[in-house]
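Here is what each chain is made of, one letter per residue.
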Amino acid sequence: MSVSIDFGGDSLAGWIQHKSGISVQRCYQCGKCSAGCPASSDMDFAPSVLLRLLQLQNAESDQKVLSSYSIWLCLTCHTCSARCPMEVDLPKVMDVLRAESLRHKLVNKRAKDIVAFHKSFIDTIRNFGRLWEVGLVADYKLRTRHFWQDVVVAPVMLKKGKLSLIPLFHKKFVSRIFSGLRNREERA
Amino acid sequence: MKIGLYPGCSLEGSSREYAESLRAIAPHLGLELEEIEGWNCCGASSAHQLDHTLSLALPARILAQAEKQKFPELLVPCAACYNRLASTKKDLANDASTRDKVTDLINMPYTGVTSVQNILEVLNLVLTPDVQKKIPAAFPHKVVCYYGCLLVRPASVVHAEKMEDPMQMDDLMKRIGATPLDWGMKTECCGASLSITRTDIVGKLCGNILEDATMRGAEAIIVACPMCHSNLDMRRKEIERVTGKKFSIPIVYITQAIGMALGLDAKSLGLHRHFVEVSVHGKNKVQQNVSSPSMAAVS
C-alpha cells in the first residue's frame, strides 16, 4: 500500500540531511540508542530500527517511518544522542520526521492524542502568550473528548493553589511571531 | 549579585512553589532578581515537536528582551525553559540565515550577548563559604539529587561536565549539610510531556526513580525542574497503579532545601503545595519568617 511521497525528488534521508545537516548513514547499528531510550519498549520501531529504515532509502520504508508511533513517543530526553558513538543527533531527526509526518498526513492513529496535546499547547501560547494550564487542558479535552481524565488531580491542584482559573493575557507579545509564520506559510 | 530572571510559565502556575522558594532564599544569598519584562512562553516541549521556526522564535524573543533590558546574565530556573533558551542561543549563533529569519519574525535586534544560566550555576556562585558558616549542618538529611534530562543534555548546549554522573547539585547539597547518596537514576527521564497523553509511561518511569531512591535509603529527592517535580509528586496514584507499590518519599526543589537550611518557614517555601507531604526539615527553626539584614548583605 505504498504511496510515493515527494521529498523534493530525494529520499526521506536526503530530505533530513537537507533540513538538518544530519546524515543517517553514519549510524552503524550498534543499538545503544535503543538500549538507553526510556520509551523504546512502548515504540513500534526502536530508534536504531528507525535509522535503519531511513538508510534503506525506499518509499516503503520511508512511509513506515513517517507513519510510526515511535516518532511521537520520543521524549527528546537526548539519551540516545548523548551515547551515540557516531554522534547522530536523533532528537533533531525526530523533529524533522514529525513535521514531515504531519505535512504528508501520515500521523499514526495511536498518536492522535499526543499530537492533539502539542496542538493545544501551541494554541494556548497563541491565545495567551504564556501557557495557561487550565486553558491547555480544556483545549485538549475538547480536541480529544477525554472529559474524565485527571478529574481526581485537578481539584487537589486547585486546593493547593497550583492552578489559576483566570488567565492573564500576554497575547500581544507573541502575535507578531504567529502572524509572521502564517504569512510565510501563505506565501510558500 | 544582580541578575535577570526569566521565570517561565510553570513557575507562575503548577510549580509556583519553585518561584516562591527562589524568591524567599534570594535575599539571604545576596541575590537580586530582576524579572524580565513582557515575557512570553518559550514553547517548552511542544513547539519543537510541530514547528521548528516557532521553537526558535519564542525563545529568541525572550533573549532579545533580556538584551533590551541590558541583562548580562539571565537566570532561567526552569530546566525546560533553560534548555530551550540555551539551545536557541546556540542555533542562532551557528547559523546566520536562521538568525536573520528569526530576528525578522520577532522584529527585535538580537546579538546573543546575554549569558543564559541555570539554577545550579547561579546557586554555585552565591552559596558561598560565608553563607555556609551561618548555617552549619542545617539540612542533615540523606538525599538523592535528580537532574533529569534538560540540565545535562545535550552536552553541546548545556556544557555539563559529567553527563552520566553530574555532581553540581550533590555538591550544593553537601554545602547545606545534607548527605547526597550515590544512585542509579540521576539522569534518567521522568516521562516529561507524556504526563497527560501517556500517563502510564510516566507512571512506569517515575516508579523506577522512586523505587531506586527509596531502596538507597534517601529521605528526599532533590530536583530543579518543574516537569520532573510534577510527574514525581503529583502522579503518585498512577505510579502506584503501574508499579503496584506505595512510595512516600517527598520531592523537594533545591531552592526549598536551601530555604529549609536557612530556617525559612514552610509557607514561604511553598511546601504546603506539594501532593506528597514534605517530611524533611531544616535545623535552624529559630530564624523563621525573618530576612535579617546581616544575611541579606552577604554577597
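Position numbers for residues start from 1 in each chain and track the written sequence from start to end. Chains and ligands are labelled sequentially in the order written, the chains with letters from A and the ligands with numbers from 1. Residue-level local features of this predicted model are given only where pLDDT is at least 70; pairs of side-chain atoms are given and counted only at 80 or more, and the full residue set underlies all totals for whole chains, interfaces and linings.

1. Things to note about the overall build of chain A
What counts as a helix is a DSSP run of H or I of at least four residues, what counts as a strand is a run of E of at least two, and both are numbered from the N terminus. Counting its regular elements, chain A contains eleven helices and zero strands. Taken from the N to the C terminus, the helices and strands of chain A come in the order α-α-α-α-α-α-α-α-α-α-α. Taken along its principal axes, the extent of the C-alpha atoms in chain A is 50 × 40 × 35 Å. Around each residue's C-beta, the other C-beta atoms within 10 Å are counted; 20 or more make the residue buried, 12 or fewer make it exposed, and counts in between make it partly exposed. All C-beta atoms are placed from the backbone. Within chain A, the fraction of its 188 residues that count as buried is 38%. Each residue is represented by a C-beta atom placed from its backbone, and any two residues with such atoms within 7 Å are regarded as in contact. Restricting to contacts in chain A with at least 6 residues of sequence separation, those with at least 24 account for 66%.

2. Remarks on the packing of helix 10 (residues 199–215) of chain B against helix 12 (residues 236–243) of chain B
Residue and element names in this part refer to chain B. Here an angle of 0 to 180 degrees is reported between the N-to-C directions of two axes, which are lines fitted to C-alpha atoms, with helices fitted over the stretch in contact. The interhelical angle for the contact between helix 10 and helix 12, taken along N-to-C directions, is 85°, at an axis separation of 8 Å. Judged on the interaxial angle alone, helix 12 and helix 10 are roughly perpendicular. For the pair helix 10 and helix 12, the contacting residues are Thr-199, Asp-200, Val-202, Gly-203, Lys-204, Cys-206, Gly-207 and Leu-210 in the first and Glu-238, Ile-239, Arg-241, Val-242 and Thr-243 in the second. The residue makeup of the contact of helix 10 with helix 12, split by class, is five nonpolar, four polar and four charged. An angle counts as roughly parallel when it lies under 35 degrees, as roughly antiparallel when it exceeds 145, as roughly perpendicular when it falls between 65 and 115, and as oblique in every other case. Throughout this entry, Asp, Glu, Lys and Arg are counted as charged residues, while Ala, Val, Leu, Ile, Met, Phe, Trp, Tyr, Cys and Pro are counted as nonpolar. The remaining residues, Gly among them, count as polar.

3. Focus on the sheet that holds strand 5 (residues 142–145) of chain B
Residue and element names in this part refer to chain B. Note: two strands are recorded as paired if DSSP finds a minimum of 2 bridges between them. Taken in spatial order, the four strands line up as 6-5-7-8 in an open sheet, and their pairing is parallel. Lying at the two open borders of the sheet, with one neighbouring strand each, are strand 6 (179–180) and strand 8 (251–253). Direction of pairing for strand 5 relative to strand 7 (residues 220–223): parallel, over a ladder of three bridges. Residue pairing in the sheet places Val-143 in a bridge with Ala-220 of strand 7. Helix 9 (residues 168–175) contacts strand 5, strand 6 and strand 7 of the sheet and is inclined by roughly 155° relative to strand 5. Along the sheet, helix 13 (residues 254–261) contacts strand 7 and strand 8; its crossing angle with strand 8, the most-contacted strand, is approximately 80°.

4. A few points about the interface of chain B and chain A
Contacts between the two partners involve 42 residues from chain B, matched on the other side by 42 residues from chain A. Secondary structure elements with two or more residues in the side of chain B that touches chain A: helix 2 (44–50), helix 3 (52–68), helix 5 (96–106) and helix 10 of chain B. The dominant element in the side of chain B that touches chain A, judged by the number of residues it contributes, is helix 2 of chain B, at seven residues. In terms of residue class, the side of chain B that touches chain A is built from 22 nonpolar, 14 polar and six charged.

5. Observations concerning the domain arrangement of chain B
Residues and elements named next belong to chain B. We note that the domain assignment places domain 1 (2–119) and domain 2 (128–289) within chain B. Centre-to-centre separation of domain 1 and domain 2, based on C-alpha positions: 23 Å. Each side of the interface is counted separately: domain 1 has 26 residues, and domain 2 has 27 residues. Looking at the side of domain 1 that touches domain 2, the elements that each hand over two or more residues are helix 1 (16–25), helix 2 and helix 4 (79–94). Examining the composition of the side of domain 1 that touches domain 2, we find that eight residues originate from one element, helix 1, more than from any other. Looking at side-chain class alone, the side of domain 1 that touches domain 2 contains twelve nonpolar, ten polar and four charged residues. Reported domain spans reflect what an automatic or database domain assignment gives.

6. Regarding the sheet that holds strand 1 (residues 2–5) of chain B
Residues and elements named next belong to chain B. Spatially, 2-1-3-4 is the arrangement adopted by the four strands of the open sheet, whose pairing is parallel. Taken across any chain shown, the strands that pair with only one partner, and hence form the sheet edges, are strand 2 (32–35) and strand 4 (115–117). Across this sheet, the average inter-strand angle for adjacent strands is 40°, counted without regard to direction.

7. Looking at the domain arrangement of chain A
By a widespread convention, an interface's size corresponds to the accessible area lost as its parts come together. Split into domains, chain A comes out as domain 1 (12–107) and domain 2 (111–187). Computed over C-alpha atoms, the centres of domain 1 of chain A and domain 2 of chain A are 28 Å apart.

8. Some thoughts on the nonpolar core
For this entry, the nonpolar core is defined as buried Ala, Val, Leu, Ile, Met, Phe, Trp, Tyr and Cys residues connected by C-beta atoms within 7 Å. Ile-221 and Ile-222 of chain B are the most contacted members of the largest nonpolar core, which has 153 residues in total. Filtering out sequence-adjacent residues up to four positions away, Ile-221 of chain B remains in contact with Val-144, Tyr-146, Ala-213, Leu-232, Ile-249 and Ile-251 of chain B.

9. Some points on helix 4 (residues 59–66) of chain A
Residues and elements named next belong to chain A. Among the residues of helix 4, those classed as buried are Asp-62, Val-65 and Leu-66. Projected onto a plane normal to the axis of helix 4, the buried residues spread over an arc of 95° and lie on a single side. The inward-facing, buried residues of helix 4 contact helix 1 (12–20), helix 3 (47–56) and helix 7 (90–103). Within this analysis, the arc is defined by the directions that extend from the helix axis to the C-beta atoms.

10. Comments concerning the pairing of strand 5 of chain B
In terms of strand pairing, strand 5 of chain B meets strand 6 of chain B through two bridges, oriented parallel. Looking across to strand 6 of chain B, one finds that Val-143 of chain B is bridged to Pro-180 of chain B.

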